Amino acid sequence: MVLHRGAMLKRIYDWCIDAAHKPYALWIMGAVAFAESSFFPVPPDVMLIPMSLARPQRAWVYAAVCTVTSVLGGLLGYAIGALLFDSVGHWLIQVYGLGDKVEAFRASYAEWGAVIILLKGLTPIPYKLVTITSGFAGYSLILFILCSIVARGGRFFIVAILLNRYGDWIRHKLEEHLGLWVAIGAAVLVLGFVVAVKLI
C-alpha cells in the first residue's frame, strides 16, 4: 500500500514537472487557484511548486497567474457568502465543521477584518473560509480585494522567490524524499485547518 501510494505521488509529481512545458498547464493551475478560493479543497501549490521547479525562470509568471486567479476565485467565494450563504455558503462552511463559529467570526470582522484576511490569506488555512465569511459579514468589497491581492500575492511570490533562487537544490531534496515532503505538506494543511477551527 505504501509503495503504491509512493508510486502514485511520483506519477503526479512527474506529470506536473512535464506539464510545465505545455501551454495547457497554466490554465489548469489557474483554474485550481480560482476554485480553491471558493470551494475546491486542493491548493494550487500542488502545481505551482513542481512547475516552478521545472522552469524556475517562469516562477514569477506562475505566481502572478495564481495570484490573479485566486483573487478572482475569492470574489466568487465572497459572492457565495453575500448572496448564497443560506444555501451554498452554509453548506460549504458545514463541510469544514465551522457552522457554529460563523457568527463569532462575522462579529470579529468589524474590528479585525483586514488583519483576518491578510493573515489567513498567507497561511495554509483554507482561503475559501475567509472569502465566504467576508461576503457573509458584509466586509468592504474594495478592502477585501486589496487585502486579497496582498495576502495571496505575498504567499505565491514568496514561493516563486525561493524556487527561482534555490530551485535546483530544492528539487534535488524534494525528489530524494518525495513521500516525506508530501506528508509534511499534508500535515501543514491539516494543522492550518485545525488552527482555523481554534481561532475562528
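For clarity, every value in this text was computed on a predicted model and none was experimentally measured.

Brief notes about the confidence of the model for the protein
Here's step 1: Within the protein, residue pLDDT values average 75, and 64% of them lie at 70 or more.
Here's step 2: Segment residues 1–6: pLDDT under 50, and 0 contacts once partners within four positions in sequence are set aside and those in other chains are kept.

Let's talk about the nonpolar core
Here's step 1: Judged by nonpolar contacts, the single largest core of 16 residues is most densely connected at M29, M47, L48, M51, Y62, C66 and F156.
Here's step 2: Elements that contribute at least two residues to this core include exactly α2 (23–36), α3 (45–54), α4 (59–83) and α8 (141–176).
Here's step 3: With residues up to four places along the chain from it excluded, the contact list for M29 reads P44, M47, L48, M51, Y62, V65 and C66.
Here's step 4: Y78, I116, F144 and C147 belong to the second largest nonpolar core, which has 9 residues in total.

Points about α2
Here's step 1: Helix length check: α2 (14 residues) gives 21 Å between terminal C-alpha atoms against 20 Å at 1.5 Å per residue, within 8%.
Here's step 2: Three or more residues of α2 are buried, namely A25, M29, G30, V32, A33, A35 and E36.

Focus on the packing of α2 against α4
Here's step 1: In the contact formed by α2 and α4, the axes pass within 7 Å of each other and the chain directions differ by 40 degrees. With respect to the hand of their crossing, α2 and α4 are arranged in right-handed fashion. Between α2, through L26, M29, G30, A33 and F34, and α4, the contact on the second element is made entirely by Y62, V65, C66, T69, S70, L72, G73 and L76.
Here's step 2: Here the residues of the contact of α2 with α4 are counted per class, giving 9 nonpolar, 4 polar and no charged.

Cut-off values and rules
- Residues numbered from 1 in each chain as written.
- Predicted model: local features only at pLDDT ≥ 70, side-chain atom pairs only at ≥ 80, totals over all residues.
- Heavy atoms only, no water.
- pLDDT = per-residue confidence, 0-100.
- Contact = heavy atoms within 4.5 Å.
- Core = buried A, V, L, I, M, F, W, Y, C linked by side-chain atoms within 4.5 Å.
- Buried < 20%, exposed > 50% of the residue type's maximum accessible area, 1.4 Å probe, protein only.
- Helix = DSSP H or I, 4+ residues; strand = E, 2+ residues; numbered from the N terminus.
- Expected span 1.5 Å × (residues − 1).
- Axes fitted to C-alpha atoms, helices over the stretch in contact; angles between N-to-C directions.
- Left-handed = near helix turned anticlockwise from the far one by under 90°.
- Nonpolar A, V, L, I, M, F, W, Y, C, P; charged D, E, K, R; others polar.

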